[in-house]
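Descriptive structure summary
This is what each chain is made of:
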Amino acid sequence: MAGLPVVEIDKVSFGYDAARPVLQGVSLRVEPGSVVGIMGQSGCGKTTLLRLIAGWLKAGAGATRVLGESVGELDSEGLFALRRKMGMLFQFGALFTDMTVFDNVAFQMREHTDLPPELISDLVMMKLEAVGLRGAAQMMPAELSGGMARRVALARAVALDPRLMLYDEPFTGLDPISLGVIARLIRTLNDSLGQSSIVVSHDVEECFGIVDYVYFVSAGQIVAQGTPAELRGSAASFVQQFVRGEADGPIPFHYPAPGYQADLDGEETQSSSLATAQACHG
Amino acid sequence: MAERTVLARLRTVLAGLLQGFERLGHGASAKIWRLGYAARFFAYLLLHSGTAFRRFGLTIREIYFTGVLSMTIILVSGLFVGMVLGLQGYDTLQRYGSSEALGVLVALSLVRELGPVVAGLLFASRAGSAITAEIGLMKATEQIAAMEMMAVDPIARVVAPRFWAGVISMPLLAALFSAMGIFGGYLVGVQLIGVDEGAFWSQMQASVDWREDVMNGVVKSVVFGVAVTWIAVFEGYDAPPTAEGVSGATTRTVVFSSLAILALDFVLTALMFTGGNAK
């Protein structure tokens with residue numbers, strides 16, 4: 001893991017407005033060749049972090065360097081040039097529904113290269129073979145199962161052999177077989193293509209099985225980090241709650257609310273008062 | 001004590017009024033901001049239209065979806081509008097003994113007004129709503145985001161070909177509508193009622209001016225094409241990525257496009273057919 005980090009985030013803060021910070025002072029590194037997991041419960045800021053790395057959002061404070069470029073300072077052309085070296089697998093694949101599987105995988109090659117059609121065809125078939133779907137080349141996305149669509153999207157994302165792969169919840173909504181297939185593909189493609197990868201997920205077992213290093217995010221901050229083995233042995237209550245899937249712990253089960261007793265037989269809420277008033281007048 | 005109560009009430013009323021003004025101001029500024037955003041979007045779209053022409057196949061494909069697939073409704077509507085014009089026109093003209101002028105009435109009504117306007121309204125409902133829904137759903141299913149992530153500008157690749165396909169299709173559809181309408185007027189006037197065929201066509205040829213009538217109608221349909229397709233692509237691109245968001249955007253496309261066509265038609269008619277001498 002020698003060389004400059006592929007992604008280096010230093011004390012980054014971000015919020016859609018000043019009153020609601022999503023990320024606060026987050027720092028992380030992705031070393032070349034590694035697969036890094038960013039984990040945390042839904043709404044903790046994981047996807048926002050991924051969007052900062054991809055340059056969709058600009059950090060309010062701190063530095064985001066990706067593949068040697070300072071993402072926040074790039075103009076749209078610079079950002080597009082950077083994204084040509086990156087690939088992203090979206091949560092539900094985001095395949096172009098008006099194109100066949102073949103055309104989806106060929107999309108970037110046709111847009112960014114002047115390769116002859118025969119060569120593009122060979123390359124597409126190689127990518128589809130890698131994800132086991134060469135036989136589905138002429139199918140439309142609507143004809144694919146969720147797992148197959150995710151694999152096609154993976155083939156499309158690695159079409160131009162990106163140096164950095166971003167995975168946004170790649171395991172969501174998959175059956176156990178597809179889930180295992182996708183997880184193995186992420187690791188295999190990363191190692192065979194010499195990439196670096198960031199996997200945003202809340203699926204502990206699958207994620208721990210393929211990543212080299214994990215960052216736990218909670219309420220917009222990195223609350224724990226380490227290798228999967230270190231985190232399994234961690235005594236930190238947040239990590240324990242997350243790894244064991246316990247309902248209550250540092251992350252409360254209940255959303256903040258006034259006293260339960262007061263809601264049951266105390267003061268009426270506004271809507272119930274209105275309903276009562278209407279019933280009386282009716 | 002009573003003074004305090006009155007003062008408290010006055011304060012409440014004032015606070016309510018202030019809140020009302022704030023909401024009004026916020027709503028108005030949001031609308032103006034969106035209008036500005038739509039204008040910037042249009043400028044960006046025009047500047048990034050190169051792909052739509054360099055790879056004209058992309059635009060041709062969209063012409064098929066927006067233009068060719070709209071032909072059925074345009075042709076059928078044109079035929080019926082022309083037939084109704086034939087009936088109504090004959091009924092009025094024969095009272096003044098000038099039923100031979102039926103061809104002129106049908107042709108001028110269609111070429112100047114009904115062709116561009118009705119074809120535009122149908123185009124907004126059939127193709128405009130489809131464009132908005134398609135782009136909105138592409139956004140909701142992250143296809144637009146995926147394209148951006150692949151370093152492909154979605155405005156150049158997705159929006160511009162649809163926009164230019166609409167601008168190209170609209171005058172052609174309006175011409176087809178007018179042609180079909182004239183045929184409908186001929187069917188009713190000449191074949192059904194028995195107006196003299198020679199008078200029907202010759203008076204039409206003599207009275208319909210190529211530049212004043214036909215070209216002005218074409219200009220109108222091009223303007224409507226730009227307005228409808230701009231509204232359609234903008235609403236789709238700006239739609240919130242939810243089911244309600246896309247449904248609301250589709251509705252807005254049809255409503256705003258229809259209003260824009262009617263308002264623009266008035267302005268263009270005032271400019272074109274008064275010769276700038278309206279008093």
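In this text the structure is predicted, and so the values were computed from the model without any measurement.

Cut-offs applied
- Residues numbered from 1 in each chain as written.
- Chains lettered and ligands numbered in written order.
- Predicted model: local features only at pLDDT ≥ 70, side-chain atom pairs only at ≥ 80, totals over all residues.
- Heavy atoms only, no water.
- Pairing = 2+ DSSP bridges.
- Helix = DSSP H or I, 4+ residues; strand = E, 2+ residues; numbered from the N terminus.
- Buried < 20%, exposed > 50% of the residue type's maximum accessible area, 1.4 Å probe, protein only.
- Phe/Tyr/Trp six-rings, centres within 6.5 Å; stacked < 30°, edge-to-face > 60°.
- Salt bridge = Lys/Arg side-chain N within 4 Å of Asp/Glu carboxyl O.
- pLDDT = per-residue confidence, 0-100.
- Contact = heavy atoms within 4.5 Å.
- Axes fitted to C-alpha atoms, helices over the stretch in contact; angles between N-to-C directions.
- Core = buried A, V, L, I, M, F, W, Y, C linked by side-chain atoms within 4.5 Å.

1. Digging into the sheet that holds strand 1 (residues 7-17) of chain A
Residue and element names in this part refer to chain A. Pairing is antiparallel in the open sheet, where four strands are placed in the order 2-1-4-5. Edge positions in the sheet fall to strand 2 (20-30) and strand 5 (69-70), since each of these pairs with one other strand and no more. In the sheet, strand 1 pairs with strand 4 (residues 61-66) via five bridges, with the strands oriented antiparallel. Paired with Glu8 across the bridge in strand 4 is Arg65.

2. Some thoughts on unusual backbone geometry
All names here are of chain A. Backbone geometry places Leu67, a non-glycine residue, at a positive phi of 50°. Residue placement: Leu67 occurs in the loop between strand 4 and strand 5. Owing to a relative accessible area of 12%, Leu67 belongs among the buried residues under this scheme. Of note in the backbone geometry, Ala94 takes a positive phi value of approximately 55° without being a glycine. Topologically, Ala94 is positioned in the loop between strand 6 (86-89) and helix 3 (101-112). Residue class for Ala94 comes out buried when judged on its relative accessible area of 5%.

3. Things to note about the packing of aromatic side chains
Following the criterion strictly, the structure yields 18 aromatic pairs over all chains and no others. Centroid distance A:Tyr213 to A:Tyr215: 5.2 Å. Interplanar angle 65°. Geometry classified as edge-to-face. Taking the relative accessible area as the measure of exposure, A:Tyr213 reaches 27% and is therefore partly exposed. Residue A:Tyr215 is classed as buried on the basis of its relative accessible area, which comes to 4%. An aromatic cluster is present here, built from B:Phe42, B:Phe53, B:Phe56, B:Phe163, B:Trp164 and B:Trp230 joined pairwise through their rings.

4. Looking at the pattern of salt bridges
Pairs may arise between side chains of opposite charge once their charged atoms sit close together. One pass over the structure, following the stated rule, counts 24 salt bridges over all chains. Note that A:Arg187 is salt-bridged to A:Asp212, the shortest N-O span being 3.1 Å. Separated by 25 residues along the polypeptide, A:Arg187 in helix 6 (residues 176-192) and A:Asp212 in the loop between helix 7 (204-210) and strand 9 (213-218) bring together distant segments of the chain. Residues B:Arg112 and B:Asp213 are paired through a salt bridge, measuring 2.7 Å at the closest nitrogen-oxygen approach. Here B:Arg112 is found in helix 5 (residues 102-140), whereas its partner B:Asp213 is found in helix 9 (residues 210-238), with 101 residues between them in sequence. Exposure remark for B:Arg112: the relative accessible area of 29% places this residue in the partly exposed category. Three or more residues joined by partner-sharing salt bridges are found here, namely A:Asp98, B:Arg61, B:Glu62, B:Glu134 and B:Arg162.

5. Side note on the confidence of the model for chain A
All names here are of chain A. Averaged over every residue, the pLDDT of chain A is 83; residues scoring 70 or more account for 89%. The element-level mean pLDDT for chain A is lowest in helix 11 (residues 270-281), coming to 48, with helix 3 highest at 93. Here residues 272-282 is a poorly scored stretch, pLDDT under 50, and it has two contacts once near neighbours within four places are set aside; other chains count.

6. Overview of the environment of A:Arg151
Residues and elements named next belong to chain A. By the secondary structure assignment, Arg151 is in helix 5 (residues 146-157). Along the primary structure Arg151 and Pro170 are separated by 19 residues, whereas in three dimensions their C-alpha atoms are 9.9 Å apart. Contact partners of Arg151, with chain neighbours within four places excluded, come to Val131, Gly132, Leu133, Val181, Ile182 and Leu185.

7. Thoughts on the sheet that holds strand 8 (residues 196-201) of chain A
Residues and elements named next belong to chain A. Taken together, six strands build an open sheet; the order of strands is 6-7-8-3-9-10 and the sheet is mixed. Each edge of the sheet is formed by a strand with only one pairing partner; in this case those strands are strand 6 and strand 10 (221-226). Sheet twist, expressed as the average angle between the axes of neighbouring strands with direction ignored, equals 20°. The pairing of strand 6 with strand 7 (residues 164-168) spans four bridges and is parallel. Counted as the bridge partner of Met86 is Leu164 from strand 7. Contacts between helix 6 and the sheet are confined to strand 3 (35-39), strand 7 and strand 8, with strand 8 contributing the most and set at about 160° to the helix.

8. Let's talk about the nonpolar core
A:Val7, A:Ile53, A:Val66, A:Met86, A:Leu164, A:Leu166 and A:Ile198 are the most contacted members of the largest nonpolar core, which totals 65 residues. Per-element accounting of this core gives the leading share, seven residues, to helix 7 (residues 154-193) of chain B. With residues up to four places along the chain from it excluded, the contact list for A:Ile53 reads A:Val7, A:Ile9, A:Thr64, A:Val66, A:Val71, A:Met86, A:Leu164, A:Leu166 and A:Ile198. In terms of nonpolar packing, the next biggest core, distinct from the first, is built from 48 residues, A:Leu128, A:Ala136, A:Leu144 and A:Leu179 among them.

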